[in-house]
Amino acid sequence: MLDLVLPRPCLGCGAAGARLCEGCLGRLADPARRTPDPVPAGLPACWSAGPYTGVLRTALVACKERGEASLAGALADLLAFTALTALTASGDAAVTVVPVPSARWAVRWRGHDVVGALAAPVVRQLRAHGVVATLWPGLGQVRRVADQAGLSSTERAANLAASLGVRRAAGTPPAAPVLLVDDIVTTGATLAEAARALRAAGLRVPLAVTVGATRRSTRPHMATRRRVSE
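Just so it is clear, the structure is predicted and the values come from calculations on it, not from any experiment.

## Observations concerning the overall build of the protein
Move 1: Within the protein one finds eight helices and eight strands.
Move 2: By the burial criterion, 47% of the 230 residues in the protein qualify as buried.
Move 3: Here the analysis covers contacts within the protein between residues at least 6 apart in sequence; of these, 75% occur between residues at least 24 apart.
Move 4: Summed over its atoms, the accessible surface of the protein is roughly 10900 Å², and 57% of this surface lies on carbon and sulfur atoms.

And the structure:
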């Protein structure tokens, strides 16, 4: 309601109107295959809309942590464009879009599930561009996990191991290959675990797309630096 009374400027250029204007949104769109280093076992081909820096980072944090729902549409546009680019490269004309579920504590704390909210408009946009896309929120947490912030690659993998599974209530999954959707890729541990759970259910998981991809330092003191949780 406050946004309607006192509209805030574009996060990119400061112009009045949308929180991400068309010009800034276009400049942010840089879909490419961005792979974590080291690459976790089982990670699908991983694409992101851009590096998790600058305006893209500010927008995602505002939507995810500060509840700025007005940014969801712009982030979904970036994610859909990335998905279309990845699918064009892979040659897949039909996909099952599966959002990576957030930890239950994170959803309670934030009051919303960002990735779940982005997945539906992504599916609509894929269909509008001729892709046979089906939304299947079939993944769920089967055990509690700790906050990922500050953990090393090895610690993240251990924290997430066997933490996801296919929900019985989701029903029979579509036969099309899976396109995993998430907000950020850091070490790739979350996406690798999601892919493992889906493959254990007999699904093919060739692709994953995210809004942002973090740039990771390989310096020895990196474990002491503050990082964004996946």
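Now that the structure has been shown, the text picks up again.
## Re the pattern of salt bridges
When the charged atoms of two side chains lie near each other, side chains of opposite charge can form a pair.
Move 1: Tallied over the full model, the rule gives six salt bridges.
Move 2: A salt bridge links Glu68 to Arg8, with the shortest nitrogen-to-oxygen separation between them at 3.5 Å. Remark: Arg8 occurs in the loop between α1 (2-5) and α2 (22-28) and Glu68 occurs in the loop between α3 (54-65) and α4 (72-90); sequence separation between them is 60 residues.
Move 3: Linking Asp92 and Arg204 is a salt bridge whose minimum nitrogen-to-oxygen distance equals 3.8 Å. With Asp92 in the loop between α4 and β3 (94-99) and Arg204 in the loop between α8 (189-200) and β8 (207-213), the pair connects residues that are 112 residues apart, well separated along the chain.

## Here's the deal with the sheet that holds strand β1 (residues 32-33)
Move 1: Pairing in this open sheet of six strands is mixed, and the strands run β1-β2-β8-β7-β3-β4 from one edge to the other. This sheet does not close on itself; its edge strands, each paired only once, are β1 and β4 (132-135).
Move 2: Here four bridges tie β3 to strand β7 (residues 178-185), and the two strands are oriented parallel to one another. Directly across from Val98, in β7, lies its bridge partner Leu180.
Move 3: Each of β2 (45-51), β7 and β8 touches α3; the most contacted strand, β7, lies at about 100° to it.

## So, the side chain of Glu68
Move 1: A relative accessible area of 6% places Glu68 in the buried class.
Move 2: Apart from the residues lying within four places of it in its own chain, the contact partners of Glu68 are Arg8, Arg19, Ala62 and Cys63.

## Let's talk about the environment of Ala80
Move 1: Locating Ala80 in the fold gives a position in helix α4.
Move 2: On the accessibility criterion, Ala80 (1% relative accessible area) is buried.
Move 3: C-alpha separation for the pair Ala80 and Val122, spaced 42 residues apart in sequence, amounts to 4.9 Å.
Move 4: Among residues more than four places away in sequence, those in contact with Ala80 are Val122, Gln125 and Leu126.

## Regarding unusual backbone geometry
Move 1: Here the residue pair Asp37 and Pro38 is connected by a cis peptide bond, since its omega of 10° sits within 30 degrees of zero.
Move 2: If you trace the backbone, Pro38 turns up in the loop between β1 and β2.

## Quick word on the packing of α3 against α4
Move 1: For the pair α3 and α4, interaxial distance at closest approach is 10 Å and the crossing angle is 125°. In terms of orientation, α3 lies oblique with respect to α4. Seen from above, α3 lies across α4 with left-handed handedness. Along the contact surface, α3 presents Leu56, Ala59, Leu60 and Cys63, while α4 presents Ala72, Leu75 and Leu78.
Move 2: In terms of residue class, the contact of α3 with α4 is built from seven nonpolar, no polar and no charged.

What counts, and where the lines are drawn
Residues numbered from 1 in each chain as written. Predicted model: local features only at pLDDT ≥ 70, side-chain atom pairs only at ≥ 80, totals over all residues. Heavy atoms only, no water. Helix = DSSP H or I, 4+ residues; strand = E, 2+ residues; numbered from the N terminus. Buried < 20%, exposed > 50% of the residue type's maximum accessible area, 1.4 Å probe, protein only. Contact = heavy atoms within 4.5 Å. Areas by Shrake-Rupley, 256 points an atom, 1.4 Å probe, with all protein chains shown as cover. Salt bridge = Lys/Arg side-chain N within 4 Å of Asp/Glu carboxyl O. Pairing = 2+ DSSP bridges. Axes fitted to C-alpha atoms, helices over the stretch in contact; angles between N-to-C directions. Parallel < 35°, antiparallel > 145°, perpendicular 65-115°, else oblique. Left-handed = near helix turned anticlockwise from the far one by under 90°. Nonpolar A, V, L, I, M, F, W, Y, C, P; charged D, E, K, R; others polar.

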